[in-house]
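Given next are the chains, with one letter for each unit.
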Amino acid sequence: MAGDARRTPAPWTADAGAVQARVRRLRARGAAIAFVPTMGYLHAGHLSLIARARKGGARVLASVFVNPLQFGPREDFRAYPRDRARDARLLARAGVELVYAPRATAFTPEGHVTRVVVGGVAEPLEGEIRPGHFAGVATVVSKLLHVVEPDELWLGQKDAQQVAVLARMLHDLDFSVRLRVGATVREADGLALSSRNIRLTPPERAQAPALWRALRAGRAALLAPGRASARSAARAMRDALRAATLARVDYAELVDSATFRAPARGATHGLLVVAARFPSARLIDNLKVRWRGGLA
Ligand code: PAF
């Protein structure tokens, strides 16, 4: 990404009216509008969403907003990586039409107390460990969608529970936007790309691929001869995670990909999910798996 430094930055605005005017002009020319919301410090995962949306023929708008509503009081809001100039160059190179970067003082000002609270799928796992997180995500994504009014909303599979929560919200609140999900992009050693990876110390970075190895170990356990079992998948994942001595495991298990709760007996597919907390950054990852025969 170093070569991007010489690119002309993408047009960038904090003004919702300017975004709406641009969207109106694009629509008048018959364009479909795709929207990629981000918190900035972009990586190849974000850029792959933009590339896929453009390949499908849409004109792409992105947002960059480090959303204070989705961070808990003890989380890394202040330490979250930010680099506007770099993001603007990467977004220009990726071919976005416009970057919407609202100011927190105007978008989520003091006294902004209304929240979009999704139930069900938002409650376990990340919902339990990060109280208020999904309400913060759902609230801000709703607000962004009200401004942009895109035809397509693009999200990354790495945040699988976020995708499920927002899919539920779009359905329940009658948003007329099509949700599109892009595959997780990984480093050569399997580590899922995340803006937070930059904060890992070298020893943490060396251990971080243990999450991907744990997912593969869970998948191998589910695909092994004999009856697939959630318990043996979880055990295999935990065993693989022992190599990450610097991390504390928040969860490592097989869940139903619609509910994010334990899969039903007899299920033939599910989602392996893992979250581990290194001192410098918390990482999550997931892997869809199908197996033969029903779950024990
Ligand atoms: O996935 C993210 O980066 C954020 O949760 C999102 C969707 C941009 C909302 O702030």
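Here the structure is a predicted model, which means the values were calculated and not measured. (Residues numbered from 1 in each chain as written. Predicted model: local features only at pLDDT ≥ 70, side-chain atom pairs only at ≥ 80, totals over all residues. Heavy atoms only, no water.)

### What about the packing of helix α2 (residues 44-55) against helix α3 (residues 84-94)?
Consideration 1: α3 packs onto α2 with a crossing angle of 25° between their chain directions and a minimal axis gap of 10 Å. Regarding the angle of α2 to α3, the classification is roughly parallel. In this structure, α2 crosses over α3, and the sense of that crossing is right-handed. Counted together, L47, I50 and R54 of α2 and L90, L91 and A94 of α3 form the full contact between these two elements. (Axes fitted to C-alpha atoms, helices over the stretch in contact; angles between N-to-C directions. Helix = DSSP H or I, 4+ residues; strand = E, 2+ residues; numbered from the N terminus. Parallel < 35°, antiparallel > 145°, perpendicular 65-115°, else oblique. Left-handed = near helix turned anticlockwise from the far one by under 90°. Contact = heavy atoms within 4.5 Å.)

### Description of the nonpolar core
Consideration 1: One finds V19, L61, L145, V148, L153, M169 and F260 to be the most contacted residues of the largest nonpolar core, which totals 44 residues.
Consideration 2: For this core, the elements supplying multiple residues, two or more each, are α1 (16-28), β2 (33-38), β4 (98-100), α6 (133-148), β5 (152-156), α7 (160-172), β7 (248-255) and β8 (269-277).
Consideration 3: Take this core: its biggest share by element is nine residues, from α6.
Consideration 4: In this structure, M169 is in contact with V116, V118, A138, V141, S142 and F175, ignoring residues within four places of it in sequence.
Consideration 5: A208, A210, L211 and L222 belong to the second-largest nonpolar core, a separate cluster that totals 29 residues. (Core = buried A, V, L, I, M, F, W, Y, C linked by side-chain atoms within 4.5 Å. Buried < 20%, exposed > 50% of the residue type's maximum accessible area, 1.4 Å probe, protein only.)

### Focus on the sheet that holds strand β1 (residues 12-13)
Consideration 1: Here six strands make up an open sheet; going across it, the order is β1-β4-β3-β2-β5-β6 and the pairing parallel. A strand with exactly one partner marks an edge of an open sheet, and here the two such strands are β1 and β6 (178-182).
Consideration 2: When β5 meets β6, the two strands line up parallel, connected through five bridges. Bridge pairing links L155 to V181 in β6.
Consideration 3: On the sheet, α1 packs against β1, β2, β3 (59-64) and β4 and is oriented at approximately 145° with respect to β4. (Pairing = 2+ DSSP bridges.)

### Re the pattern of salt bridges
Consideration 1: Taken as a whole, this structure holds 17 salt bridges when the rule is applied.
Consideration 2: Residue E126 is joined to R282 by a salt bridge in which the shortest nitrogen-to-oxygen separation is 2.7 Å. Highlighted residues: E126 in helix α5 (residues 126-129) and R282 in strand β9 (residues 282-290), separated in sequence by 156 residues. Like E126, the residue R282 is buried in the burial classification.
Consideration 3: Residue D239 pairs with R242 through a salt bridge whose shortest N-O separation is 2.8 Å.
Consideration 4: Ionic contacts of the salt-bridge type, sharing partners, join the residues E126, R248, D250, R277 and R282 into one network. (Salt bridge = Lys/Arg side-chain N within 4 Å of Asp/Glu carboxyl O.)

### Side note on the layout of surface pockets
Consideration 1: Approximately 330 Å³ is the volume attributed to the second largest pocket.
Consideration 2: What lines the second largest pocket is a set of 17 residues, and nearest its centre among them are W12, V64, F65, A101 and P102.
Consideration 3: Among the elements of the structure, β1 and α3 are those that each provide at least two residues to the lining of the second largest pocket.
Consideration 4: Here the lining of the second largest pocket is composed, by residue class, of 10 nonpolar, two polar and five charged. (1 Å grid on protein atoms, 1.4 Å probe; cavity = no way out; pocket = protein on both sides within 12 Å on 5 of 7 lines; lining within 4 Å. Points joined across faces, edges and corners; volume = space filled by probe spheres on them. Nonpolar A, V, L, I, M, F, W, Y, C, P; charged D, E, K, R; others polar.)

### Describing the confidence of the model for the chain
Consideration 1: Per-residue confidence for the chain gives a mean pLDDT of 96, with 98% of residues at or over 70.
Consideration 2: Low pLDDT, under 50, characterises residues 1-5; the predicted model gives this stretch 10 contacts beyond four residues in sequence or across chains. (pLDDT = per-residue confidence, 0-100.)

### A few points about the packing of α6 against α7
Consideration 1: Between α6 and α7, the least distance of the axes is 10 Å, while the angle of their chain directions is 55°. By the angle class used here, α6 and α7 are oblique. Between α6 and α7 lies a crossing of right-handed hand. Between α6 and α7, the residues in contact are F134, V137, A138, V141, S142 and L145 and Q161, Q162, V165, L166, M169 and L170, respectively.
Consideration 2: Residues belonging to the contact of α6 with α7 are distributed by class as follows: nine nonpolar, three polar and no charged.

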